[in-house]
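Descriptive structure summary
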Amino acid sequence: MLENVLNSPDFVKYLKKFKTGEKLFFEGDSSQDLYVLVSGELDILKGDKRFAGISQRGAVFGEMSPILGLKRTATVKARGPVEALRIPKEEIPSFLERFPDAVEEICRNLASRLSETSQIAYGLQVFCDQIPDAVIMTDRAGKVLYWNVAAEELYDVDPASMEGGSVEELYEDPEGYRGLLQDVLSGSRPVERVLKTKTFKGRGERFVSTNMTALYDGHHNFQGVLSLGRDATRFQVLERK
């Protein structure tokens, strides 16, 4: 496929050269060009950390943004001198029509990433289900994205009612939860506080010691919250007595 592209006057004009350390695009930016590696090696970075590389001549990369309409999910940097084709967004349809091999590679890439992501998510779920602490992950709006078995038991709620719901709804005093969140966002260290949960299924009052950590992307943009909870009811009762 690559040789056919390089022999095409319509697309060889998009051949670009990048110096060692030069970044082709940045995590979080809105560029939607498609790339094909001609020579050299690339590092893929999340934040400042390298987690993968691209070295295969003819490899298609950067396809997630133009195809799915997403911002860049990683930074791509030249490890050494690099040559790559940079296909502008408006030229991508004609490029894919001319070179169907590129379509096949993009499909393989997407399938591979979906498989890897699913495996990682499954591994995280299995791990969290083995620990005694209640784990809840929320997005930036406070909507529940993930919880483990211990969270279901501690908060005594049906899993279906948690999915997509607001984590504030688990607590008797939502303002207390929001205050804890503000404390977390104002500093870099985890913050812990005892919060009273709502009464479900006719049981008595329950208090949860909640440890909260803010989650950020590589550009330090707030993405959500990871909370760890433990039953603190007995200690609260003893303190009252």
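Our structure's up above, just so we're on the same page.
Note that the structure is a prediction, hence the values are computed from the model and not measured.

1. Looking at the overall build of the protein
- Across its full length, the protein carries eight helices and 13 strands.
- Sequence-distant contacts in the protein: of pairs separated by 6 or more residues, those separated by 24 or more amount to 60%.
- Carbon and sulfur atoms provide 52% of the accessible area of the protein, an area that totals close to 13,900 Å².

2. Notes on the pairing of strand β10 (residues 144–147)
- Both strand β9 (residues 134–139) and β10 contribute to a ladder of three bridges, which runs antiparallel. Across the sheet, the residue bridging to Ile136 is Trp147, located in β10.

3. Some thoughts on the nonpolar core
- In terms of nonpolar packing, the biggest core is built from 22 residues, with Ile136, Tyr155, Val167, Leu170, Tyr171 and Met212 touching the most fellow members.
- Mapped by element, the contributors of at least two residues to this core are β9, β10, α5 (149–155), α7 (174–185) and β12 (206–216).
- Within the second largest apolar cluster, 15 residues are counted, among which are Phe18, Tyr35, Leu37 and Val82.

4. What about the sheet that holds strand β5 (residues 49–54)?
- Taken together, the four strands give an open sheet; going across it, the order is β2-β7-β4-β5, and neighbouring strands pair in antiparallel fashion. Strands with a single pairing partner mark the edges of an open sheet, and in this sheet they are β2 (23–25) and β5. Across the sheet, the mean angle separating the axes of adjacent strands is 35° when strand polarity is ignored.
- Sheet analysis places strand β4 (residues 42–46) next to β5, joined by five bridges and oriented antiparallel. Counterpart to Leu42 in the pairing with β5 is Ile54.

5. What to know about the packing of aromatic side chains
- Throughout the structure, instances matching the rule amount to four aromatic pairs.
- Taken together, a centroid distance of 5.9 Å and an interplanar angle of 85° make the contact between Tyr155 and Tyr171 edge-to-face. Taken together, the positions of Tyr155 in helix α5 and Tyr171 in the loop between α6 (159–162) and α7 put the pair 16 residues apart, joining distant regions of the chain. Across the pair, Tyr171 and Tyr155 agree in class, each one buried.
- Taken together, Phe25, Tyr35 and Phe61 form an aromatic cluster joined through their ring pairs.
- A cation sits over an aromatic face here: Arg72 above Phe25, 3.9 Å from the ring centre.

6. Some points on the environment of Arg193
- Assignment of secondary structure puts Arg193 in strand β11 (residues 191–197).
- Sequence-wise, Arg193 and Ser209 are 16 residues apart; in three dimensions their C-alpha atoms are separated by 5.6 Å.
- When near neighbours in sequence (up to four residues on either side) are disregarded, Arg193 contacts Gly176, Gly179, Leu180, Asp183, Val208, Ser209 and Thr210.

7. Comments concerning the pairing of strand β8 (residues 82–87)
- Pairing analysis gives four bridges linking strand β1 (residues 15–18) to β8, with the strands arranged antiparallel. Its bridge partner lying in β8, Leu15 is registered against Leu85.
- Where strand β3 (residues 34–39) meets β8, five bridges bridge the pair, whose relative direction is antiparallel. Along β8, the bridge assignment pairs Val36 with Leu85.

8. Section: the sheet that holds strand β6 (residues 60–61)
- Taken together, the four strands give an open sheet; going across it, the order is β1-β8-β3-β6, and neighbouring strands pair in antiparallel fashion. The open sheet terminates on both sides in strands that have one partner only, identified here as β1 and β6.

9. Some words on a nonpolar patch on the surface
- Judged by side-chain polarity, Ile67, Leu68 and Leu70 come together as a nonpolar surface patch covering roughly 250 Å² of accessible area.
- Mapped onto the elements, Ile67 comes out in helix α2 (residues 64–68).
- Exposure remark for Ile67: the relative accessible area of 40% places this residue in the partly exposed category.

Parameters at a glance
Position numbers for residues count from 1 along each chain, tracking the sequence in the order it is written. Owing to the predicted nature of the model, reporting of local features is limited to residues with pLDDT of at least 70; listing and counting of side-chain atom pairs is limited to 80 or more, with chain, interface and lining totals taken over all residues. As a convention, hydrogens and water are excluded, and side-chain values are obtained from all of the structure's heavy atoms. The way it works is that DSSP assigns letters per residue, a run of H or I at least four long becomes a helix, a run of E at least two long becomes a strand, and they are numbered from the N terminus. Residue contacts are defined here by distance: any two heavy atoms, one from each residue, within 4.5 Å place the two residues in contact. In these tables, accessible area is a Shrake-Rupley quantity obtained with a 1.4 Å probe, and a residue counts as shielded only by the protein chains included in the view. Pairing between two strands requires that DSSP report at least two bridges joining them. Throughout, nonpolar core names a set of buried Ala, Val, Leu, Ile, Met, Phe, Trp, Tyr and Cys residues whose side chains join them through atoms within 4.5 Å. Whether a residue is buried, partly exposed or exposed follows from its accessible area with a 1.4 Å probe, protein chains only, as a fraction of its type maximum: under 20%, in between, or over 50%, in that order. In this description, a line fitted to the C-alpha atoms serves as the axis of each element, helices being fitted only across the stretch in contact, and the angle between N-to-C directions of two axes falls anywhere from 0 to 180 degrees. When the centres of two rings from Phe, Tyr and Trp lie within 6.5 Å, Trp using its six-membered ring, the rings pair. Their planes under 30 degrees apart give stacked, over 60 give edge-to-face, and anything left gives tilted. Note on criteria: charge over ring means Lys NZ or Arg CZ within 6 Å of the ring centre, with the direction from the centre no more than 35 degrees off the ring normal. Patch members must show over 30% relative accessible area and no salt bridge, and they are joined within 9 Å when carrying like charges or within 5 Å when they are nonpolar side chains of Val, Leu, Ile, Met, Phe, Trp or Tyr. A carboxyl oxygen of Asp or Glu within 4 Å of a side-chain nitrogen of Lys or Arg is what we treat as a salt bridge.

Such coordinate-based values are descriptive only and should not be taken to indicate function.
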